[in-house]
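Structural description and commentary
Spelled out, the chains give:
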Amino acid sequence: MTAGAWLTETRATPVRAQQWWVLTTRLVTPAIKSGEVLSSVVAPAAFTASFYIPLKTVMTVVGTGFSSYAQFMMPIVILQACAFTAIGAAFRSATDAVAGIDRRFGSMPIGPFVPVAARMSGNVFRLCIAIAAALVCGHVIGFRFVLDGWHTLGFLAFSLLIGIVFTLGADVIGTLAKSPEATTQALVLPPLILGMLSTGLAPAEQFPSWIQPFVRNQPVSQYVIALRALAGDTKGNAGEVSWALMVPPLLWAAGTLVICVPAAIRLSSRRA
């Protein structure tokens, strides 16, 4: 490598890092000033109340095998908070595409992957707030981490991984769709349907026998099973964290990333 090429390479890295930081603050700062981040706090509270209040008495009578219904349903609150954040991510990426911001970035000396990296950084910022708010709401209704600190860290890390998977997929969909309103409306139903037809709110045995295989094996249920095992339960019915239990949800997450990461890279390269 020549001296000139080496100098160019060493300069490119800090410049792109600065570009990423500037574009990230473009998304984060207005959200803080306008109070938009409050939606990341309000949404988990709304999910918790809407699930727990009407179902607690019924599910306590029917039985879930857990020490409390709060311990049983907490994972679905986490997943719904991640899904809500993903809908916002799709709206922002679609807005950038339809408003011509992506084309404007393409005409500027900005790294091809910097805009999507900045959007994902903003999404992770909102994810952290949403997950923290969900955990606070869960604590209020009685959810507790029963196992040791490593399992608790695993719960938090896996929750964040699920959120990243959701938001990256939504970012790709929004960029392709280029219609903020249509994208938002289209992404509302899948989390709602898959959430209701999962083991997040009721055990699989309480569904009709013909749909139980789908309920048990669809990705939302697999994520719920993993999060319950990582959180634990005083009755010991949450499952044991093992490869047999964790591989299916990890494969669902990895499979989504295998599709979405190349798609995001291709879209970013096309912009450049």
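Look up: the structure comes first, before these words.
Residues numbered from 1 in each chain as written. Predicted model: local features only at pLDDT ≥ 70, side-chain atom pairs only at ≥ 80, totals over all residues. Heavy atoms only, no water.

1. A look at the overall build of the protein chain
Using the following cut-off: Only DSSP runs of H or I reaching four residues or more are called helices, and only runs of E reaching two or more are called strands; each is numbered from the N terminus. Here the term buried applies to any residue with accessible area under 20% of the maximum for its type, exposed to any over 50%, and partly exposed to those in between, with areas from a 1.4 Å probe on protein chains only. Residue contacts follow a heavy-atom distance rule, with two residues in contact if any of their heavy atoms lie within 4.5 Å. In short, Shrake-Rupley with a 1.4 Å probe defines the accessible areas, and a residue's cover is counted only from the protein chains shown.
Within the protein chain, the secondary structure is distributed over 10 helices and zero strands. The order of helices and strands in the protein chain, counted from the N terminus, is α-α-α-α-α-α-α-α-α-α. Classification of the 272 residues of the protein chain by burial places 44% in the buried group. For the protein chain, the proportion of contacts with a sequence separation of at least 24, taken over those separated by at least 6, is 80%. Surface summary for the protein chain: the accessible area is close to 13600 Å², and the carbon and sulfur share equals 71%.

2. Focus on the packing of aromatic side chains
What counts, and what does not: Stacked, tilted and edge-to-face are the three classes assigned to paired rings of Phe, Tyr and Trp, where Trp is represented by its six-membered ring and a pair needs centres within 6.5 Å; plane angles under 30 degrees give stacked, over 60 edge-to-face, the rest tilted. For a lysine, the NZ atom is tested; for an arginine, the CZ atom; a charge sits over a ring if that atom is within 6 Å of the ring centre and within 35 degrees of the ring normal.
Overall, the coordinates contain nine aromatic pairs when judged by the stated rule. Relative to Phe72, the ring of Tyr69 lies with its centre 6.0 Å away and its plane at 20°, an arrangement referred to as stacked. Of the two residues, Tyr69 and Phe72 are both situated in helix 3 (residues 69-98); the distance of three residues between them amounts to about one turn of the helix. There is no split in this pair, since Tyr69 and Phe72 are both buried. Put simply, the rings of Tyr52, Phe66, Tyr69 and Phe72 pair up and form one aromatic cluster. In this structure, Arg228 packs its charged tip against the face of Phe72, placed 3.7 Å from the ring centre.

3. A closer look at the nonpolar core
Keep this limit in mind: The term nonpolar core refers to a set of buried residues drawn from Ala, Val, Leu, Ile, Met, Phe, Trp, Tyr and Cys, joined through side-chain atoms within 4.5 Å.
Grouped together as the largest cluster of nonpolar side chains are 43 residues, with contacts concentrated most on Ile76, Ile78, Leu79 and Phe155. Elements that contribute at least two residues to this core include exactly helix 2 (38-62), helix 3, helix 5 (114-141), helix 6 (149-177), helix 9 (219-231) and helix 10 (243-271). Broken down by element, this core gets its largest block of residues, 10 residues, from helix 3. Grouped together as the second largest cluster of nonpolar side chains are seven residues, Val116, Met120, Val172 and Leu267 included.

4. A closer look at the pattern of salt bridges
A side chain of one charge can pair with a side chain of the opposite charge when the charged atoms of the two come close. Stated formally: A pair is scored as a salt bridge if a Lys or Arg side-chain nitrogen falls within 4 Å of a carboxyl oxygen belonging to Asp or Glu.
In the structure shown here, the tally under the stated rule is two salt bridges. One salt bridge connects Asp171 with Arg119, and the closest N-O pair in it is separated by 2.6 Å. Of this pair, Asp171 sits in helix 6 while Arg119 sits in helix 5, placing them 52 residues apart in sequence. Each member of the pair, Asp171 as well as Arg119, carries the same accessibility label: buried. For Arg216, the salt bridge goes to Glu205, with nearest N and O atoms at 3.7 Å.

5. So, the side chain of Ser221
Along the chain, Ser221 turns up in helix 9. Those residues in contact with Ser221 that sit more than four places away from it in its chain are Ser198, Thr199, Val215 and Arg216.

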